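Spelled out from the first residue to the last, the chains are:
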Amino acid sequence: MARKLSAKARCDAKSTTVVVMRLFIAGRGPNSVKAIANLQAICEQHLKDSFRLELIDVCEYPERALAEGVLVTPSLTKLSPGPAARVIGNLSDTGSVLAALGVQPRMAG
Amino acid sequence: MAPRNLSKAATGIHGFDVLSRGGLPRNRTSLVMGRPGTGKTVFALQTLVNAARDRKEPGIFVAFEEDPAQIFENAATFDWRLPALARDSLFFLNAQLSPTVVQSGDFDLGGMLAILQAKKKEFDARWIVFDGIDVLLALLPDPGAAMREIYRLRDWLAQNELTAIITTKIDGAESGVVSYGFMQFMVDCVIRFDGRLEQAIPVRRLEIAKYRGSDFAAGEFPLGFGPRGMVVAAPEAAETHDEASTERVSTGFADLDTMLAGGLLRGSSTLITGAPGTSKTTLAGKFAAAACRRGERTLYVSFDEGGDRIQRNLKSVGIQLAAHLKSGLLRFYSGRTDQDNPEEHLTRIVALLHEHQPQCVVVDPLSAIAKTGALSSARAVGNRLIYKLRDLNATVVITALVDGDDPQAESTALQISTIADNWIHLSYLVLGGERNRALTIVKSRGTQHSNQVRELLLSASGLALAEVYSSGGEVLMGTLRWEKEAEENSRRRKRQDEFSRKHRELEFAEADIAARIAGLQLELQRQRAELALYTRDGAARRTSSGERKKELRRLRSADAVSTPGPAPAKQRAGRASANARKNGNGGREPRRGA
């Protein structure tokens, strides 16, 4: 499915449902770097290994951005489970990202 | 930085390229701002269409506010054939952000710019429009972010050598997060659109607020929409080819041509004023029909009455236009004054003038545009139309409705009469319970025109001007004229009769006198004859009485003369004795008389 899969994409089909996501970034700009770091932290803390992430650089693959209507970056799309959702921004607000992904926050340190 | 003397890219929008001295700054960004519905999107899209269609310069349209499908639908009212263009030289990007999007932290336009970059390369686009960027900027969390994105956009545009138009809505109050002052500073050209209601009719205007490194026409200029899109009413560069023509153009009405010393001067403007029903349209129609018969392209502009109706009405007075319409020589423009403002009509008419290039134009009635919108703007429109027609050297007949019969009423309404070359006033003269049409040439520049008021006769066979009958300082028309003429005729006849009667009388008198003279002459002759007779008698008597005395003396033998006795007196005969008796002293008379 992923044409360009980042090294960070990990897959673990254990008991919990797998969250499938796509993150669109534009080059190596500050928002891109921040978004990747923020998403990484969120995944590690709240999703453990039950997620799949495709990372797309729109500067390299503009047709992907056009196909999915991605105009602003960074832009995170949740493909499954449940209804699709999109979060725009550098994902600095963890609460709203989790809400959009439909994931219960885990308070574990 | 590019050199000051910047290159310009024409928008192809009539009027705007005149105001901006050639168009928008090439490879720079122009900002178009204005309230909703003032024409920003049409301006931007039309520029893109013109460039793609007429100069094969592809373009990109980024729609933040509307779905491209919606834009296509709206543009279908213009003859742009947008879908065909969109296939190979225009690219529409639907940049509406989903309302369900969740925002978390800062973001930028990286995605959009990547798409545009790719499309630019693919299409070799030269133009780009960002329509409704305010929608996008409103999503940015703070003014700082908005400013950053605008700069990002500007840098991207500069790198890509695109001529850009950014449109943005502004409300009365400065809403949203973006300081438009800053945006205006950033771009090279700022165009402001404005729309307001003037007496319930929308009036749109645009103004070039800024044009870095270029001269431009300052001020607000009206704009309107025609079949080809937006038209901006730019003050025309005065092409004063005022080589005054001396050619006469027929009014289509021989009697009137005579009054105008042969017709209207080519390129002149003629105002026909009059109350309702004074046959203004008939005169205008005659002119149009005559122009078409001469093979001249003609434009008939009518307000509040469709071309079909006018054609039918003119047909009823023997003016046929259908064939000329079919041949394309004649075109109609019919405007509704309850829907559009005068400016909009003007811009459409001007566009039609450029398209049809008519040599003769009828505007019927121009006064209709004064009904809507502000009077001052209607006046300005009227004047501009006449000047425009003059520039095109078109011979124009304009009708104007005036209330009542006072031609001066026109001068207070549209004030066309002061700039028109000719002014013909039609009026009703009500006399003796009858309304009759009268035609007066109030003025005619450069023409020895008749200054007589004439009666206009209208029939199915056409028009005619009757000699009017003036009597006692009054112009008489219709039945009154007829009556007066009849009366005058009978009076003349009576005078004639009177004269011949008098003549005869005098002849009689003369004959009478002559006869009397003849009688007297006869009398005179008789008198003379009598006198002669009498004289002869007297002489004879004297002789006889002398002889008698001698005889008596002789008989008395020298006796003294005695008193003659009565006897001898008795013997006397004739008149002498009678006279003596009359005198009463008969005794002495014979002595004395003898």
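In this text, all values refer to a predicted model and were calculated from it rather than measured experimentally. (Residues numbered from 1 in each chain as written. Chains lettered and ligands numbered in written order. Predicted model: local features only at pLDDT ≥ 70, side-chain atom pairs only at ≥ 80, totals over all residues.)

(A) Just the overall build of chain B, in detail. The secondary structure content of chain B amounts to 19 helices and 25 strands. The buried share of chain B, reckoned over its 594 residues, is 40%. (Helix = DSSP H or I, 4+ residues; strand = E, 2+ residues; numbered from the N terminus. Buried ≥ 20, exposed ≤ 12 C-beta atoms within 10 Å, placed from the backbone.)

(B) Quick peek at the overall build of chain A. For chain A, the count of helices and strands is three helices and four strands. Traced from its N-terminal end to its C-terminal end, chain A shows the element sequence β-α-β-α-β-β-α. Taking all 109 residues of chain A together, 42% fall into the buried category. By sequence separation, contacts in chain A at least 24 residues apart represent 70% of the contacts at least 6 residues apart. (Contact = placed C-beta atoms within 7 Å.)

(C) Geometry of the confidence of the model for chain B. Residue and element names in this part refer to chain B. On average, residues of chain B score 80 in pLDDT, and 83% of them are at 70 or above. Scored below 50 in pLDDT, residues 567-594 makes 15 contacts in the model with residues more than four places away or belonging to other chains. Quick note on the complex model: pTM equals 0.58, ipTM equals 0.81. (pLDDT = per-residue confidence, 0-100.)

(D) Highlighting the interface of chain A and chain B. Contact residues are listed per partner, giving 29 residues for chain A and 19 residues for chain B. The class makeup of the residues in the side of chain A that touches chain B is 17 nonpolar, nine polar and three charged. (Nonpolar A, V, L, I, M, F, W, Y, C, P; charged D, E, K, R; others polar.)

(E) Expanded view of helix 7 (residues 143-160) of chain B. Residue and element names in this part refer to chain B. Given a rise of 1.5 Å per residue, 18 residues ought to cover 26 Å, and the 26 Å separating the end C-alpha atoms of helix 7 matches this to within 8%. Among the residues of helix 7, A146, E149, I150, L153 and L157 are the ones counted as buried. Seen end-on, helix 7 carries its buried residues on one side only, within an arc spanning 100°. Summarising the geometry of helix 7, the exposed residues directed more than 90 degrees from the buried face are G144, Y151, D155 and Q159. (Expected span 1.5 Å × (residues − 1). Arc of directions from axis to C-beta.)

(F) Representation of the pairing of strand 15 (residues 269-274) of chain B within the structure. Residues and elements named next belong to chain B. The element strand 15 is largely enclosed, with a buried count of six among its six residues. Neither face of strand 15 is open: one carries S269, L271 and T273, the other T270, I272 and G274, and all of them are buried. Relative to strand 19 (residues 395-401), strand 15 runs parallel, the two being bridged by six bridges. Considered in strand 19, the bridge of L271 is made with I398. (Pairing = 2+ DSSP bridges.)

(G) Layout of the pairing of strand 1 (residues 19-25) of chain A. Residues and elements named next belong to chain A. Of all seven residues making up strand 1, six are buried, and the element is well covered by its neighbours. Of the pairings in the sheet, the one linking strand 1 to strand 2 (residues 51-57) comprises seven bridges and is parallel in character. Its bridge partner lying in strand 2, F24 is registered against I56. Pairing of strand 1 with strand 3 (residues 75-80), which is carried by five bridges, proceeds in the antiparallel orientation. Looking at the pairing, V20 lines up with S80 of strand 3.

(H) Representation of the nonpolar core within the structure. Residue and element names in this part refer to chain B. Ranked by internal contacts, the top residues of the largest apolar core, which has 165 residues, are L48, V62, I128, V129, V232 and A288. For this core, the two domains that each supply at least three residues are domain 1 (8-99 + 107-232) and domain 2 (248-467). For I128, the contacting residues outside a window of four places in its chain are G59, I60, V62, L116, L162 and A164. (Core = buried A, V, L, I, M, F, W, Y, C linked by C-beta atoms within 7 Å. Domains from an automatic or database assignment.)

(I) Examining the environment of L321 of chain B more closely. Residue and element names in this part refer to chain B. Mapped onto the elements, L321 comes out in the loop between helix 11 (307-315) and helix 12 (322-327). Separated by 28 residues in sequence, L321 and R293 have C-alpha atoms that sit 9.7 Å apart. Ignoring anything within four residues of it in the chain, the contact list for L321 reads A288, A289, Q311, L314 and L330.

(J) Spotlight on the sheet that holds strand 4 (residues 85-88) of chain A. Spatially, 2(A)-1(A)-3(A)-4(A)-6(B) is the arrangement adopted by the five strands of the open sheet, whose pairing is mixed. With one partner strand each, in any of the chains shown, strand 2 of chain A together with strand 6 (102-103) of chain B form the two edges of the open sheet. Running at roughly 165° to strand 1 of chain A, helix 1 (residues 30-47) of chain A makes contact with strand 1, strand 2 and strand 3 of chain A of the sheet. Here helix 3 (residues 94-101) of chain A sits on the sheet and contacts strand 1, strand 3 and strand 4 of chain A together with strand 6 of chain B; the angle it forms with strand 4 of chain A, its principal contact strand, is near 165°. (Axes fitted to C-alpha atoms, helices over the stretch in contact; angles between N-to-C directions.)

(K) Main features of the environment of L366 of chain B. Position of L366 of chain B among the secondary structure elements: in the loop between strand 18 (360-364) and helix 14 (375-391). Between the alpha carbons of L366 of chain B and T399 of chain B there is a distance of 6.0 Å; along the sequence they are 33 residues apart.

(L) Representation of unusual backbone geometry. Here the amide bond leading from T73 of chain A into P74 of chain A is cis, since omega sits at -5°, within 30 degrees of zero. Take P74 of chain A: it is sitting in the loop between helix 2 (62-68) and strand 3. The amide bond that connects D364 of chain B to the next residue, P365 of chain B, takes the cis arrangement and shows omega of -10°. Topologically, P365 of chain B is positioned in the loop between strand 18 and helix 14. Even without glycine at this site, R81 of chain B takes up a positive phi of about 50°. Mapping R81 of chain B onto the fold places it in the loop between helix 3 (68-75) and helix 4 (82-88). Backbone geometry places A261 of chain B, a non-glycine residue, at a positive phi of 60°. Tracing the backbone through its elements, the reader meets A261 of chain B in the loop between helix 9 (254-259) and strand 14 (264-265).

(M) Just the confidence of the model for chain A, in detail. All names here are of chain A. On average, chain A scores 81 in pLDDT, and the residues at 70 or more come to 83%. Confidence scores differ between elements of chain A, with helix 3 showing the lowest mean pLDDT of 88 and strand 1 the highest of 93. Overall, residues 1-15 carries pLDDT values under 50, and its contacts beyond four positions in sequence, including any with other chains, amount to 18 contacts.

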